[in-house]
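Residue-level structural notes
In case you want the letters, here they are:
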Amino acid sequence: MTEHTGRPTSRPTSYSRVTLSRIMTAVDVNLYGTVHGGVIMKFVDDVAGAAAARHSGGIAVTASIDEIVFVEPLRVGDLVHAFAQVNWTGTTSMEVGVRVEAERWDEVSESAPVVVATAYLVFVAVDAEGKPRPLPAVVPDSPQDEGRWREAEIRREHRLARRDAIQRHRSVT
Ligand SMILES: CC(C)(COP(=O)(O)OP(=O)(O)OC[C@H]1O[C@@H](n2cnc3c(N)ncnc32)[C@H](O)[C@@H]1OP(=O)(O)O)[C@@H](O)C(=O)NCCC(=O)NCCS
């Protein structure tokens, strides 16, 4: 369904929420014995991509990952959950926020899940030819989601300003 503007109907934040869970295994570790950052990055991209596809109702590609913070190491046996939701939408692009939490295999009954990473990714909804297509606006569900929307706007301004500044610099060098 579309609004009279031709833009798809808006959707609440909750529509896009996705959780992925898996247990870390021996093939996921680096030379130090903790989980490789690249494994976590792929997990983050996977869950964010699922949220973006659900919100946009079709194909969405990763345009940028500009902030990923590793807070705590992951270990073999940890049960890891990645939570994603669309925080902000433009015309064809959207920001997806991801939080990764772990239940330590040897401390499950004793402690709350540990936040191990957070990330912000930009996805662009594309058509079958790979061209950007309009996506539904996201409508924040709660004051917390409204706060996430405003913070996402700040990040977008910085992202685009940095890209423009670098392009200007390259055009004169
Ligand atoms: C992402 C992609 C479709 C954008 O195409 P484009 O022709 O540059 O698109 P436009 O300049 O028209 O921008 C489209 C939207 O993306 C945003 N955008 C483009 N590049 C961006 C970037 N680096 N960071 C943040 N936003 C970006 C624009 O601001 C615009 O948003 P809006 O419509 O909400 O205002 C294209 O660069 C691409 O296909 N990249 C490869 C994607 C890929 O292979 N990802 C990995 C596998 S999924």
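Keep in mind that what you see is a predicted model, and the values were worked out from it rather than measured.

1. Comments concerning helix α2 (residues 37–56)
Given a rise of 1.5 Å per residue, 20 residues ought to cover 28 Å, and the 28 Å separating the end C-alpha atoms of α2 matches this to within 8%. For α2, the set of buried residues is I40, F43, V44, V47, A48, G49, A51, A52, H55 and S56. Looking one or two residues beyond α2, the residue adopting positive phi is G57, at roughly 70 degrees.

2. Some points on the site of the ligand
Neighbouring residues of the ligand: 15 residues in total, closest T62, T91, T92, S93 and R163. The contact in question runs from a nitrogen atom of the ligand to an N or O atom on the backbone of T62, over 2.9 Å. S93 is positioned such that a nitrogen or oxygen atom in its side chain is 2.7 Å from an oxygen atom of the ligand. Surface burial for the ligand is 54%, taken as the share of its 950 Å² of free accessible area covered by protein chains. When contributions to the shell around the ligand are tallied by element, the ones reaching two or more residues are β3 (60–70), β6 (114–125) and α3 (143–172).

3. Some remarks on the sheet that holds strand β4 (residues 79–89)
The five strands lie next to each other as β2-β4-β5-β6-β3, forming an open sheet whose pairing is antiparallel. Every interior strand has two partners, whereas the edge strands, β2 (18–23) and β3, have only one. Here the strands of the sheet are splayed against their neighbours by 20 degrees on average, with no regard to which way each runs. Sheet analysis places strand β5 (residues 93–103) next to β6, joined by 10 bridges and oriented antiparallel. The residue of β6 that forms the bridge with G97 is Y120. Most of the contacts of α2 go to β4, to which it runs at about 45 degrees, and overall it touches β2, β3, β4, β5 and β6. On top of the sheet, α3 reaches β3, β4, β5 and β6; it is set at about 75 degrees to β4, its chief contact.

4. Comments concerning α3
Spacing of three or four residues puts side chains on the same side of an α-helix, whose turn is 3.6 residues. In this model, α3 (30 residues) spans 44 Å end to end at C-alpha, consistent with the 44 Å of a helix rising 1.5 Å per residue. Along α3, the positions that sit buried rather than exposed are D145, G147, A152, R155 and R159. On the buried face of α3, the contacting elements are α1 (13–16), β3, β4, β5 and β6.

5. A short note on the pairing of β4
Here β4 lies mainly inside the structure; nine of its 11 residues are buried. Bridge analysis of β2 against β4 gives six bridges, and the strand direction is antiparallel. Across the sheet, the residue bridging to I23 is L79, located in β4. Of the pairings in the sheet, the one linking β4 to β5 comprises 10 bridges and is antiparallel in character. Looking at β5, one finds that A82 is bridged to V100.

6. A few points about the nonpolar core
One finds L74, M94, V96, V98, V100 and F123 to be the most contacted residues of the largest nonpolar core, which totals 29 residues. Looking at this core, the elements with two or more residues in it are α2, β4, β5 and β6. The greatest single-element share of this core, amounting to seven residues, is contributed by α2.

7. A few points about the side chain of D28
Counting through the fold element by element, D28 comes out in the loop between β2 and α2. Using a relative accessible area of 6% as the deciding quantity, one classes D28 as buried. For D28, the side chain forms a polar contact with the main-chain nitrogen of T25, separated by 2.8 Å. With residues near it in sequence (within four places) discarded, D28 still touches R22, I23, T34, V35, H36 and V39.

So, how was this worked out
In this numbering scheme, every chain counts its residues from 1 along its sequence in written order. Under the rules for a predicted model, residues below a pLDDT of 70 receive no local features and side-chain atom pairs below 80 are neither given nor counted, while totals for whole chains, interfaces and linings still include all residues. Side-chain numbers here rest on the full set of heavy atoms in the structure, without hydrogens or water. A run of H or I in DSSP counts as a helix once it spans at least four residues, and a run of E counts as a strand once it spans at least two, with each numbered from the N terminus. Take the number of residues in a helix, subtract one, and multiply by 1.5 Å to get its expected span. Type-normalised accessible area, obtained with a 1.4 Å probe on protein chains alone, sets the label of each residue: buried when under 20%, exposed when over 50%, and partly exposed for intermediate values. Throughout, near means a residue has at least one heavy atom within 4 Å of the molecule or strand. In protein, a polar contact means a hydrogen-donor-capable atom and an acceptor-capable atom, both N or O and within 3.5 Å, with residues adjacent in sequence counting only if both atoms are side-chain atoms; elsewhere, any N or O pair within 3.5 Å suffices. Areas reported here follow the Shrake-Rupley algorithm with a probe of radius 1.4 Å; residue values treat only the protein chains shown as occluding. By this definition, two strands are paired if DSSP reports at least two bridges between them. Here the axes come from fitting lines to C-alpha atoms, over the contacting stretch only for helices, and the angles between their N-to-C directions go from 0 to 180 degrees. Contacts: residue pairs with any heavy atoms within 4.5 Å of one another. What makes a nonpolar core is a set of buried Ala, Val, Leu, Ile, Met, Phe, Trp, Tyr and Cys residues whose side-chain atoms join them at distances within 4.5 Å.

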